[in-house]
Amino acid sequence: MRSSASWASMVGVAGLLIACEGVGEGRSESGSGIGSLSDTNNSEGTGGTGEPTGGNTDSVATMGGLQDSSDDGPLKFDVNEMPDIFVDIEQGCTKVDFLFIIDNSGSMNDEQANLVGSFPGFIEGIQSSLEQVDEYQVGVVTTDDYGPNGPGCSVFGGLVTETGGNFSSNAVCGPYAAGRNYMTEADDLSQSFACAAQVGTSGSGTERPMDALVSVVNRDNGGVGQCNEGFLRDDALLVIVIITDEWDGPGDPENQGSSGTPQDWYDAVVAAKLGISENAVALALINWQQSMTCTPDSAAFDGVHIYDFVNLFGDNGFLGGVCEPDYGPIFADAVSVIEGACNNFQPPG
């Protein structure tokens, strides 16, 4: 983890030494002063379609050659004063909020097991790639008002603290180590997530993952003393992970589904991030026609609207097939998307 204070101190001392050299020993009058300090990030990002978008170069800080515009030669510093130069190379996010929206309907047993099995590698990849991040919050919600949930949380969009029903972990999972209804870096994330994410398959056949998302980002249950209190932070990167094998949104051929449109859902997320779209990432494991991973008779459940929602995030969106036998490779690719978003995080205010 990098410390901006220590770097600032080092840069200040370096500046003083250069100033002393310029006065005490004499420098070439053609010198260009202090050169540039930059950091190059060549990691590949991934676009909304899951295809690599190529590396990008982010300038961390640049100090051009400081030179007097007069004919008196290069700019000199007073050796009795610290140079008026401060370089803060700390950038990007230092906090991440993960919101997992998990379909708990009757067809999701294999998918939940796949998710639980793939999560340890995913979170390890995140922690090793995002070295500047020291605070994580991980919450799980279902696609209905989850009846087995703990006190005050059996509401639509409530964070999961207790599970029950067919193929669930059937366990009390929270409150978690920090005393909240979401996991933090103080938890054994792999163990705690395995408990919470195995929500079972006894949920409603009317899946509403996008309504669940909007409920959380609108902080419907986020007030003092409510289930989701403290979960969403303005100064954290928000990573949304949607896992469902169903259609959702307008024209759902099976049931009513979520209200609104992909644009409405996207706008709700951006509003929750104070209008800074770069501060949110959307990942979706869904059944959609292009994925070619589900059976041909599953075409009626094409998640086309969730697909459109994710693509609105541009480079901060990532898609995978929910019927893939192993989510590990999908999550491995998604790590670079999250890393890129973290590097581009814009502090609010």
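Residues numbered from 1 in each chain as written. Predicted model: local features only at pLDDT ≥ 70, side-chain atom pairs only at ≥ 80, totals over all residues. Heavy atoms only, no water.

Enquirer: Can you help me understand the sheet that holds strand β3 (residues 95–102) in this one?
Expert: Each strand in a sheet pairs with its neighbour through backbone hydrogen bonds, running either in the same direction (parallel) or in the opposite one (antiparallel). Pairing is mixed across the open sheet formed by 6 strands, whose spatial order is β5-β4-β3-β6-β7-β8. Either end of the sheet is taken by a strand with one partner, and the two such strands are β5 (183–184) and β8 (317–321). Summarising the sheet, strand β4 (residues 135–142) and β5 pair through 2 bridges and their orientation is antiparallel. In the strand pairing of β5, Gln137 is matched with Thr184. Sitting on the sheet, helix α4 (residues 209–217) is in contact with β3, β4 and β6 (237–243), with an inclination near 145° to β3. Against the sheet, helix α6 (residues 304–311) touches β6, β7 (280–286) and β8, its axis set at about 155° to β7. (Pairing = 2+ DSSP bridges. Helix = DSSP H or I, 4+ residues; strand = E, 2+ residues; numbered from the N terminus. Contact = heavy atoms within 4.5 Å. Axes fitted to C-alpha atoms, helices over the stretch in contact; angles between N-to-C directions.)

Enquirer: When you look at the nonpolar core in this model, what are you seeing that I'm missing?
Expert: Among the nonpolar cores identified, the biggest contains 48 residues, and Phe98, Phe100, Phe122, Leu237 and Ile338 are the most heavily contacted of them. Of all the secondary structure elements, the ones that give two or more residues to this core are β3, α2 (109–129), β4, α3 (189–197), β6, β7 and α7 (328–343). It is α7 that provides the largest number of residues to this core, a total of 8 residues. Once you skip the residues sitting within four places of it in the chain, Phe100 turns out to touch Leu115, Phe119, Phe122, Val138, Gly139, Val140, Val141, Phe193 and Val241. (Core = buried A, V, L, I, M, F, W, Y, C linked by side-chain atoms within 4.5 Å. Buried < 20%, exposed > 50% of the residue type's maximum accessible area, 1.4 Å probe, protein only.)

Enquirer: Just checking my understanding: could you explain the state of the cysteines for this structure?
Expert: Disulfides are covalent bonds that link the sulfur atoms of two cysteine residues. The tally for this structure, following the rule as stated, stands at 3 disulfides. What pairs with Cys93 in a disulfide is Cys342, and their sulfur atoms sit 1.9 Å apart. Because the sign of the S-S torsion sets the handedness, a value of about -105° for the bond joining Cys93 and Cys342 places this disulfide among the left-handed ones. Taken as a pair, Cys93 in the loop between β2 (52–55) and β3 and Cys342 in helix α7 lie far apart in primary sequence, 249 residues in all. The disulfide partner of Cys153 is Cys227, and the S-S distance across this bridge is 2.0 Å. A torsion of 105° about the S-S bond marks the disulfide between Cys153 and Cys227 as right-handed. With a gap of 74 residues between them, Cys153 in the loop between β4 and β5 and Cys227 in the loop between α4 and β6 connect regions that are remote in the sequence. Considered together, Cys153 and Cys227 belong to a single accessibility category, that of buried residues. (Disulfide = S-S within 2.5 Å.)

Enquirer: Even after reading the chapter, I still don't get empty space enclosed by the protein, so can you show me in this structure?
Expert: Where empty space is left in the structure can be found by rolling a water-sized probe over the atoms. For the structure on display, the rule yields 2 cavities of 30 Å³ or more. Empty space within the second largest cavity amounts to approximately 30 Å³. At the level of secondary structure, the elements contributing two or more residues to the lining of the second largest cavity comprise β7 and α7. Of the residues that constitute the lining of the second largest cavity, the class distribution is 7 nonpolar, no polar and no charged. (1 Å grid on protein atoms, 1.4 Å probe; cavity = no way out; pocket = protein on both sides within 12 Å on 5 of 7 lines; lining within 4 Å. Points joined across faces, edges and corners; volume = space filled by probe spheres on them. Nonpolar A, V, L, I, M, F, W, Y, C, P; charged D, E, K, R; others polar.)

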